[in-house]
Amino acid sequence: MLLARPTLQPDECLVSYLIRVSEQNGFKHIGHLLHYAGLNWKNNRAPIHQILSGEYDTARLLSTLGLPEYPSKIAPLYQSFQQVIDTSHVLVKYPRVCPECLEELGYCKYHWALLPAVACSKHKRILVDVNPATGKNLGWYRQYLNRFDGEDNPIKATGAHARSSSMQQCLHIEALLAGKQLGCSSPVVLMGLEFREVLSLIHFIAHYQARLLAGSFNPVALRSYELAHVYENVWQTLQDWPDSFYSLLSQYVDRPMSSKGQAGLNKHFRDLYERLHRQQENRGIARIKSEFDRYIEEYWPGVLEPERITRIQLASTTRNVISKKEAARILGSRLERIDKLVQQGRITPVVFKGKAHYLRDQLEAIASEILSNWTMVEACKALEVTRYQLKQLLDAGVIPTLQKPNSLNRDWIVDKLGCLELISVLRSNARKSEPPSGALSMAGAQRQGYSIVQLVLSMRSGELQYSVAAVVNGASSLKQFTSFCITKRL
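Attention here is on the structure that accompanies the text. Since the structure is predicted, the reported quantities are computational estimates derived from the model, not experimental observations.

Conventions used here
- Residues numbered from 1 in each chain as written.
- Predicted model: local features only at pLDDT ≥ 70, side-chain atom pairs only at ≥ 80, totals over all residues.
- Heavy atoms only, no water.
- Axes fitted to C-alpha atoms, helices over the stretch in contact; angles between N-to-C directions.
- Helix = DSSP H or I, 4+ residues; strand = E, 2+ residues; numbered from the N terminus.
- Parallel < 35°, antiparallel > 145°, perpendicular 65-115°, else oblique.
- Contact = heavy atoms within 4.5 Å.
- Nonpolar A, V, L, I, M, F, W, Y, C, P; charged D, E, K, R; others polar.
- Buried < 20%, exposed > 50% of the residue type's maximum accessible area, 1.4 Å probe, protein only.
- Arc of directions from axis to C-beta.
- Phe/Tyr/Trp six-rings, centres within 6.5 Å; stacked < 30°, edge-to-face > 60°.
- Core = buried A, V, L, I, M, F, W, Y, C linked by side-chain atoms within 4.5 Å.
- Pairing = 2+ DSSP bridges.
- Lys, Arg positive; Asp, Glu negative; His and termini not counted.
- Salt bridge = Lys/Arg side-chain N within 4 Å of Asp/Glu carboxyl O.
- Polar contact = N/O pair within 3.5 Å; in protein donor to acceptor, adjacent residues only side chain to side chain.

Let's talk about the packing of helix α13 (residues 324-331) against helix α14 (residues 335-344)
Thought 1: The N-to-C vectors of α13 and α14 enclose an angle of 95 degrees; their axes lie 8 Å apart at closest approach. Between α13 and α14, the interaxial angle falls into the category roughly perpendicular. Between α13, through Lys 324, Lys 325, Ala 327, Ala 328 and Leu 331, and α14, the contact on the second element is made entirely by Leu 335, Ile 338, Asp 339 and Leu 341.
Thought 2: Class assignment of the residues belonging to the contact of α13 with α14 gives a composition of six nonpolar, no polar and three charged.

Quick notes on the packing of helix α16 (residues 376-383) against helix α17 (residues 387-396)
Thought 1: Contact pair α16 / α17: the axes reach a minimum separation of 10 Å and the direction vectors enclose 100 degrees. Relative to α17, the element α16 lies roughly perpendicular. For the pair α16 and α17, the contacting residues are Met 376, Val 377, Ala 379, Cys 380 and Leu 383 in the first and Arg 387, Leu 390 and Leu 394 in the second.

Quick notes on α13
Thought 1: Buried within α13 are the following residues: Ala 327, Ala 328, Ile 330 and Leu 331. Buried positions in α13, seen along its axis, are confined to an arc of 155 degrees and lie on one side of it. Exposed residues lying more than 90 degrees from the buried face of α13 are Lys 325 and Arg 329.
Thought 2: Trailing α13 by a residue or two, Gly 332 shows a phi angle of about 65 degrees, which is positive.

Remarks on the environment of Pro 132
Thought 1: Position of Pro 132 among the secondary structure elements: in the loop between β2 (125-126) and α7 (164-178).
Thought 2: Since its relative accessible area comes to 70%, Pro 132 is described here as exposed.
Thought 3: Through-space distance from the C-alpha of Pro 132 to that of Ile 155 is 9.9 Å; in sequence the pair is 23 residues apart.

Considerations on the packing of aromatic side chains
Thought 1: This model, assessed by the stated rule, comprises six aromatic pairs.
Thought 2: Ring plane angle 35 degrees and centroid distance 5.0 Å describe the contact between Phe 204 and Tyr 208, whose orientation is recorded as tilted. One end of the pair is Phe 204 and the other is Tyr 208, both in helix α8 (residues 195-212) and four residues apart, which spans about a single turn.
Thought 3: Tyr 208 gets classed as buried once you look at its relative accessible area, which sits at 2%.
Thought 4: Taken together, a centroid distance of 4.9 Å and an interplanar angle of 20 degrees make the contact between Trp 241 and Phe 245 stacked.

Points about the nonpolar core
Thought 1: Counting residues in each nonpolar core, the largest one holds 91 residues, and the members touching the most others are Val 15, Leu 238, Phe 245, Ile 288 and Phe 292.
Thought 2: For Ile 288, the residues in contact, after removing those within four places along its chain, are Leu 201, Phe 204, Ile 205, Trp 241, Phe 245 and Leu 276.
Thought 3: Membership of the second largest hydrophobic core comes to 32 residues, among which are Leu 390, Trp 412, Val 414 and Val 456.

Focus on the environment of Leu 331
Thought 1: Summarising the element assignment, Leu 331 is placed in helix α13.
Thought 2: As a C-alpha pair, Leu 331 and Ala 367 span 36 residues in sequence and 5.4 Å in three-dimensional space.
Thought 3: Once you skip the residues sitting within four places of it in the chain, Leu 331 turns out to touch Ile 338, Leu 341, Leu 363, Ile 366 and Ala 367.

A word on α16
Thought 1: Those residues of α16 that sit buried are Met 376, Ala 379, Cys 380, Ala 382 and Leu 383.
Thought 2: Buried residues along α16 sit against α17, β7 (413-414) and α18 (416-429).

Some thoughts on the sheet that holds strand β4 (residues 349-352)
Thought 1: Ordered in space as β3-β5-β4, the three strands form an open sheet in which the pairing is antiparallel. Each of the sheet's edge strands pairs with one partner strand only, and the pair in question is β3 (321-322) and β4.
Thought 2: With two bridges connecting them, β3 and strand β5 (residues 355-359) associate as antiparallel partners. Pairing of Val 321 across the sheet is with Leu 359, part of β5.
Thought 3: Contacting β3 and β5, helix α15 (residues 360-371) crosses the sheet at an angle of about 55 degrees to β5.

Section: the environment of Gln 280
Thought 1: Mapped onto the secondary structure, Gln 280 falls in the loop between α11 (262-278) and α12 (283-298).
Thought 2: Take Gln 280: its relative accessible area is 34%, and that puts it in the partly exposed class.
Thought 3: Spatially, the C-alpha atoms of Gln 280 and Ser 290 are 9.6 Å apart, while their sequence positions differ by ten residues.
Thought 4: Aside from chain neighbours lying at most four places away, what touches Gln 280 is Ile 285, Ala 286 and Lys 289.

Quick word on the side chain of Arg 96
Thought 1: Within the fold, Arg 96 resides in the loop between α5 (75-82) and α6 (99-105).
Thought 2: One buried charge, Arg 96, has no salt-bridge partner; the nearest side chain with opposite charge is Asp 129, at 5.9 Å.
Thought 3: A polar atom in the side chain of Arg 96 sits 2.6 Å from the backbone oxygen of Leu 114.
Thought 4: In contact with Arg 96, not counting residues within four places along its chain, are Trp 112, Leu 114, Leu 115, Ala 117, Val 118, Leu 127, Val 128, Asp 129, Ser 224 and Leu 227.

Regarding the pattern of salt bridges
Thought 1: Across all of its chains, the model carries twelve salt bridges by this definition.
Thought 2: Residue Arg 163 is joined to Glu 232 by a salt bridge in which the shortest nitrogen-to-oxygen separation is 3.6 Å. Here Arg 163, found in the loop between β2 and α7, pairs with Glu 232, found in helix α9 (residues 224-239); they are 69 residues apart in sequence, far enough to count as distant.
Thought 3: On the basis of relative accessibility, which here comes to 56%, the residue Arg 163 falls in the exposed class.
Thought 4: Note that Arg 196 is salt-bridged to Glu 194, the shortest N-O span being 3.8 Å.

Some thoughts on unusual backbone geometry
Thought 1: Residue Pro 242 follows Trp 241 across a cis peptide bond; omega there is 5 degrees.
Thought 2: You can see Pro 242 is positioned in the loop between α9 and α10 (243-254).
Thought 3: At Lys 124, a position not held by glycine, the phi torsion is positive, near 55 degrees.

Taken by themselves, the reported measurements are silent on function.
Below, the structure written as structure tokens:
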């Protein structure tokens, strides 16, 4: 029979509780307590990981010792552990504690054993897992809950204050475990996800951030302050999602998985895609996959042929980042025109493997602008004027333009909508009565010395009387205006 049966707290780690029981009943460590209860494992070992994850049924063990059952509020988390976890990294290998909480409460909280909880949300400090004097990890088999092995003094808090990103992540994890409302500081990409899905998403990003630096992410081997630094970078990525994820993928462009150039880059993205595809039933991973697909479709340069990346299913064969030759083809221009558009700031080059590429949507917008307006030839035909007359109107600013020739442009782009609005104004200003005898045609008025610029300006201002022909060849033609009556010098 046990001499003492301390109260089991609702948020206490079960291993912490068993350590307290063994301590108050004079056992050297938790292994001896479990041996006393009939768990005869070799060398008095204890199934620590199985107890933390809920794989080991502790009900019979606790009943044998006459101890209360483990609180049911942790059961949902245990049930989550029994489902498919897309990361093996859930629980710490060695315990971590907040010395101040331990002194106040007298027990260790359960969520301290979860890898993402690297800090104490109350005291805003990184959890202690290493003896600063010896460099040894805190053990599960210690004789006293609040001391390192072989130490006489209680565990003390270090000066390692947790940064805001670590605090936000810990608060998010605690809220998920407690079923509380998530804070407004939590990343939008995590909203609506369960604990295991959040953990999968976090560790997926951490893995590929480490891989970018030719490393690997093995959280169970990292100390609290090292893990906190990794999670800070991940949390910042999640807060700036999805732009930060695109930035991460773009860095792989310059650092492919092998020295084989494009082949190495294809190999890496195929590998990443396959991992995402295999785990897409996890909603956290599915959210990464949707942004990965969008990045491939819109931002991965089209010079990488789709047949070279057959493991990645593209929705279309056209992608947004294109070569200079393709850009010139869209505009129907020479290659030099692309350089001039860059100088004007109208298009933005994208440097890919040391070579400039361009955004398809920017080029298509410029092409659409050109097609929806007039060149000099098209304007002459629509207005039914000579090239010389059109040049007079353009130089005088009577006809609106979108582009004028200069050192970076060789052609005019005439504003079609502006021209049609001008014609509409001239039609509305025309007389509504019958024209007087002796009225002149536009050509006749020009033969009397009036330029087309003077005539159009006077028509627009209402200083000149004229009529609109009943039958016209084109609605935008200036030849539809006739019967000019000039009573004073223009």
